[in-house]
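# An overview of the molecular structure
Residue strings, one per chain:
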Amino acid sequence: MAYITLRDVQLAFGGPALLDGANFVLERGERVCLIGRNGEGKSTLLKLIEGSLLPDRGEVSIQNGLTVSMLAQDVPMDSGKVADIVADGAGEAATVLKEYHEASDACVLGDMEACDRMGHLQHKLDQLDGWALENKVNTILGKMGLDPHADLADLSGGRKRRVLLARALLTQPDILLLDEPTNHLDVESIEWLEKFLLEQNNLTLLFISHDRSFVDRLATRIVELDRGILRSYEGNYSRYLDLKAQQLEAEEKQNALFEKKLAEEEAWIRQGIKARRTRNEGRVRALKALREESKARRFQQGKVNMGVQDAQRSGKLVFDIENLSVSYDAKPLIQDFSAMVMRGDRIGLVGDNGVGKTTLIKAILGEIPHEGTVKTGTQLDVAYFDQLRNQLDLEKSVMANVSEGSDFVDVNGQRRHIYSYLQDFLFSPERARTPVKALSGGERNRVLLAKLLLKPSNLIVMDEPTNDLDMVTLELLEEMLADYKGTLLLISHDRAFMDNVVTSTWVFDGKGGIEEYVGGYQDYLLQRPNQTVVDQKSDVKKAQSKAEANKAVAPAKKVKLSFKDQRELEQLPAEIENLETEQSELSNKLADGSWFVKDAAAATQASQRLSEIEEQLLEKLERWDALENLTKGL
């Protein structure tokens, strides 16, 4: 049974049509994910169905008697009692109930006018069945684990989205529209949302999301908005990728045949009268039609062309972190965290919003005060992707933000015009002159990537880089990071992105503790303590991964060190300290480059000695760690 039908819908805002004769049917009980590139018009389509926009042409019809609720993409910053905000979803009944409670409070304080008003409001509530509303609100808030008396302004982004979802579901809609519901949510909140939506019987969903794990688990069908046309693909996102590849291959062949035909006809029309013998009016008209079709054709938007600029290799040891602790308002965020980060490590940070992931990154980089020590390796060049996009000046243009006023940029030793470089990130010259404040979230992320990747680096730090990026750009970013030769520290709530990029995961428990696990997010799920058989996947690779992880972390028996090993363990701290002192002195001498002018041979020898110290330090640190673990039975 068709709940929603779009017939030949046309909509444009001055440029190419966002919807160009689009047709679509949403059946009862379906969970359809709407995907497409940034700016294709996905959110616009939801607004058409919701009724806040009207098409230029065509028909958007919803079956009579059905209710539609929409969860918008943006999280409000307003304040207000959670119960009142949720009740607002019931419309007039919510307004009257709120007025009744206000009048009741005033009446208790002796306001006789308020007492008189209560009778009128009571009658209206009887007519609107408003007395049941309060029970409904409390029931749904209990189901979602929300405090009805809490203030919305005090809640995290994930909790705010739960409040909005509760409001959307209060009237028990037949159709729920969700626009990027996982944006700015932590992994735990995303998994809660998945489970909650799957448990809602008879709920029909149409949602937009770039979170591939979320889409894979939830969607029964994928609908792609591509150049104004809606195309349907049965199954989840993995199935869509297979079908899409086949469609693009067929489209490329069709385009090649069209271009060949057009070229042949253009060559024919350019021939002289004698060569053509007789004028063929039908063929001339056919050529005119081909030319018009060629002008009207819309080719698929290009892909972002991103590549990182490698700096000189960093030292093998990137960070040696010992007993790092950070507190905020006397509350411990991070407690006694110790770890080693080696060159080439790709580490993902996972945990609820507010547990200290960004704080840990800033502490490691020396941007905020902390207890404990962080020893930084040599020759580090850091590129930092900030989730708040504070590195962008919203008033300046895209071009000015990326090139900082220059018309040219250096890309891996080649001089390129800024317009040419920005076209790699899908910004036309006109769009490159646009102020950043006028861009969408996805476009701002692409600006930040363009700026970040101009900087040569051997350590990339990324704080939520996937927010607002479309799936194609996400996959290209994955490929780039997988090929990156340097070190990566990544904060992300995108489970598929983490699984495809990182080699180990730091998991925050919310109480100051951080545990390290081998592999990505799915590997962590298999290795975490108290894992039940029901939770474990039957996938062979995951089972093998778990077996290897368990083997790697199996506890060893305590052993008593030999006299020689005990003596070595006692001497190692002093030896490491001596090497670090020598390393610091040589680094300071070589810092300004004047030593190479005065005595090139000695400076070169000192530089070589620095490399030797680095290798010796690494060996001694590893040996120290191994001996201490033996004494602890680890």
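Residues numbered from 1 in each chain as written. Predicted model: local features only at pLDDT ≥ 70, side-chain atom pairs only at ≥ 80, totals over all residues. Heavy atoms only, no water.

With that settled, the discussion passes to the overall build of the chain. Counting secondary structure elements, the chain contains 23 helices and 20 strands. Burial status across the chain gives 44% buried among its 634 residues. Of the contacts made within the chain by residues no fewer than 6 positions apart, 69% connect residues no fewer than 24 positions apart. Split by element, the accessible area of the chain, about 33,000 Å² in all, is 48% carbon and sulfur. (Helix = DSSP H or I, 4+ residues; strand = E, 2+ residues; numbered from the N terminus. Buried < 20%, exposed > 50% of the residue type's maximum accessible area, 1.4 Å probe, protein only. Contact = heavy atoms within 4.5 Å. Areas by Shrake-Rupley, 256 points an atom, 1.4 Å probe, with all protein chains shown as cover.)

Regarding helix α1 (residues 42-50), the residues found buried are Lys42, Thr44, Leu45, Leu46, Leu48 and Ile49. A positive phi of about 105° marks Gly51, the residue just after α1.

Turning our eyes to something else, we now look at the state of the cysteines. Should the sulfur atoms of two cysteines be covalently bonded, the bond is a disulfide. Applying the stated criterion across every chain, the model contains 1 disulfide. Bridging Cys107 to Cys115, the disulfide has an S-S length of 1.8 Å. Judged by the torsion about the S-S bond (100°), the Cys107/Cys115 disulfide is right-handed. (Disulfide = S-S within 2.5 Å.)

Here we take up empty space enclosed by the protein. Taken as a whole and assessed by the stated rule, the structure comprises 2 cavities of 30 Å³ or more. Considering only enclosed or pocket space, the second largest cavity measures out at about 40 Å³ in volume. Taken together, Leu185, Asp186, Val187, Val350, Gly351, Asn353, Lys357, Glu464, Ser492 and His493 make up the full set of residues lining the second largest cavity. (1 Å grid on protein atoms, 1.4 Å probe; cavity = no way out; pocket = protein on both sides within 12 Å on 5 of 7 lines; lining within 4 Å. Points joined across faces, edges and corners; volume = space filled by probe spheres on them.)

Attention now goes to the pairing of strand β5 (residues 68-71). Burial of β5 is one-sided: the residues Ser69 and Leu71 facing one way are buried, the residues Val68 and Met70 facing the other way are not. Two strands pair when backbone bridges link them, and β5 and strand β6 (residues 175-179) are joined in this way by 4 bridges, in the parallel orientation. Bridging across to β6, Leu71 finds its partner in Leu178. (Pairing = 2+ DSSP bridges.)

In this section: helix α5 (residues 131-143). Buried residues of α5: Leu133, Val137, Ile140 and Leu141, and no others. Along the long axis of α5, the arc covered by the buried residues comes to 100°, so they all point the same way. Turned more than 90 degrees off the buried face of α5, the exposed positions are Asn135, Thr139, Gly142 and Lys143. (Arc of directions from axis to C-beta.)

The next point concerns the confidence of the model for the chain. Confidence along the chain averages 80 in pLDDT terms, with 83% of residues attaining 70 or more. A low-confidence stretch, residues 273-277 (pLDDT under 50), is modelled with 3 contacts involving residues beyond four sequence positions or located in other chains. Under a pLDDT of 50 for its full length, residues 532-557 has, in the predicted model, 15 contacts with residues more than four places off or in other chains. (pLDDT = per-residue confidence, 0-100.)

What follows covers a negative patch on the surface. Side chains of Glu619, Glu622, Asp625 and Glu628 sit close together on the surface and give a patch of like negative charge. Looking at where Glu628 falls in the secondary structure, it is placed in helix α23 (residues 600-632). (Patch = residues over 30% accessible without salt bridge, like charges linked within 9 Å, V, L, I, M, F, W, Y side chains within 5 Å. Salt bridge = Lys/Arg side-chain N within 4 Å of Asp/Glu carboxyl O. Lys, Arg positive; Asp, Glu negative; His and termini not counted. Charge placed at Lys NZ, Arg CZ, Asp CG, Glu CD.)

The next subject is the nonpolar core. Formed by 53 residues in total, the largest nonpolar core has its most connected members in Val86, Leu165, Leu176, Leu197 and Phe207. Ranked by size, the runner-up nonpolar core spans 44 residues in total, among them Phe385, Tyr421, Phe425 and Tyr521. (Core = buried A, V, L, I, M, F, W, Y, C linked by side-chain atoms within 4.5 Å.)

Okay, the packing of helix α3 (residues 92-108) against helix α4 (residues 112-128) next. Taken N-terminus to C-terminus, the directions of α3 and α4 make an angle of 155°; their axes are 9 Å apart at the nearest point. Taken together, the axes of α3 and α4 are roughly antiparallel relative to one another. Handedness of the α3/α4 crossing: left-handed. For the pair α3 and α4, the contacting residues are Glu92, Ala93, Val96, Leu97, Glu99, Tyr100, Ala103, Ser104, Ala106 and Cys107 in the first and Ala114, Cys115, Arg117, Met118, Leu121, Gln122, Lys124, Leu125 and Leu128 in the second. Split by residue class, the contact of α3 with α4 holds 13 nonpolar, 2 polar and 4 charged. (Axes fitted to C-alpha atoms, helices over the stretch in contact; angles between N-to-C directions. Parallel < 35°, antiparallel > 145°, perpendicular 65-115°, else oblique. Left-handed = near helix turned anticlockwise from the far one by under 90°. Nonpolar A, V, L, I, M, F, W, Y, C, P; charged D, E, K, R; others polar.)

Below, the discussion takes up the packing of aromatic side chains. One pass over the full model with this rule turns up 8 aromatic pairs. Measuring from ring centre to ring centre gives 5.1 Å for Tyr233 and Tyr240, while their planes differ by 80°; the resulting arrangement is edge-to-face. You can call Tyr233 buried: its relative accessible area is 6%. Through a chain of ring-to-ring contacts, three or more aromatic side chains come together here, namely Tyr233, Tyr237 and Tyr240. Over the ring of Trp192 we find Arg162; its NZ or CZ atom is 4.0 Å from the centre of that ring. Directly above the ring of Phe427 sits Arg446, whose terminal nitrogen or CZ lies 5.0 Å from the centroid. (Phe/Tyr/Trp six-rings, centres within 6.5 Å; stacked < 30°, edge-to-face > 60°. Lys NZ or Arg CZ within 6 Å of the ring centre and 35° of its normal.)

Time to look at the environment of Arg623. Among the structural elements, Arg623 can be located in helix α23. Note on Arg623: relative accessible area 32%, which makes it partly exposed. For the pair formed by Arg623 and Leu572, sequence separation is 51 residues and the distance between their alpha carbons is 8.5 Å.

What follows covers the sheet that holds strand β13 (residues 371-376). Read from one edge to the other, the open sheet built from 3 strands follows the order β11-β10-β13, with strand pairing classed as antiparallel. Bordering the open sheet on either side are β11 (331-342) and β13, each of which pairs with just one other strand. Pairs of neighbouring strands in the sheet enclose a mean axial angle of 10°, with direction left out of account. Judged from the 8 bridges that link them, strand β10 (residues 317-328) and β11 form a sheet pairing that is antiparallel. Residue pairing for β11: Ser327 is matched across the bridge by Pro332. Packed on one face of the sheet, helix α12 (residues 357-364) meets β10, β11 and β13 and runs near 125° to β10.

Counted by the stated rule, this structure contains 18 salt bridges. Two residues, Arg7 and Glu59, come together in a salt bridge whose shortest N-O distance is 3.2 Å. Here Arg7, found in strand β1 (residues 2-11), pairs with Glu59, found in strand β4 (residues 57-62); they are 52 residues apart in sequence, far enough to count as distant. A salt bridge links Lys437 to Glu395, with the nearest nitrogen and oxygen atoms 3.0 Å apart. One end of the pair, Lys437, is in the loop between α15 (429-432) and α16 (441-452); the other, Glu395, is in the loop between β14 (382-385) and α13 (398-403), and 42 residues separate them in sequence. The class for Lys437 is partly exposed, based on a relative accessible area of 46%.

Glancing now at the environment of Thr434. Its location among the elements puts Thr434 in the loop between α15 and α16. For Thr434, a relative accessible area of 15% corresponds to the buried category. Sequence separation between Thr434 and Lys396 is 38 residues; the distance between their C-alpha atoms is 8.0 Å. Those residues within four positions of Thr434 in sequence are excluded, and the remaining contacts are Lys396, Ser397, Val398 and Leu439.

Before going further, it helps to spend a moment on the packing of α3 against α5. Orientation of α3 relative to α5, taken along the N-to-C sense of each, is 95°, at an axis distance of 9 Å. By the criterion of interaxial angle, the relationship of α3 to α5 is roughly perpendicular. Residues Ala93, Ala94, Leu97, Tyr100 and His101 of α3 touch α5, and the partners they reach there are Trp131, Leu133 and Glu134. Residues that form the contact of α3 with α5 fall into these classes: 6 nonpolar, 1 polar and 1 charged.

Ordered by their spatial adjacency, 6 strands build an open sheet running β14-β17-β18-β12-β19-β20, and the pairing between neighbours is mixed. Among the strands making up the open sheet, the edge pair consists of β14 and β20 (514-518). Adjacent strand axes in the sheet meet at a mean angle of 15°, parallel and antiparallel pairs treated alike. As defined by bridge partners, strand β17 (residues 459-463) adjoins strand β18 (residues 487-491) across 5 bridges and the pair is classed as parallel. Directly across from Val461, in β18, lies its bridge partner Leu489. Most of the contacts of α16 go to β14, to which it runs at about 175°, and overall it touches β14 and β17. Across the face of the sheet, helix α17 (residues 471-483) comes into contact with β12 (346-350), β17 and β18 while running at roughly 150° to β17.

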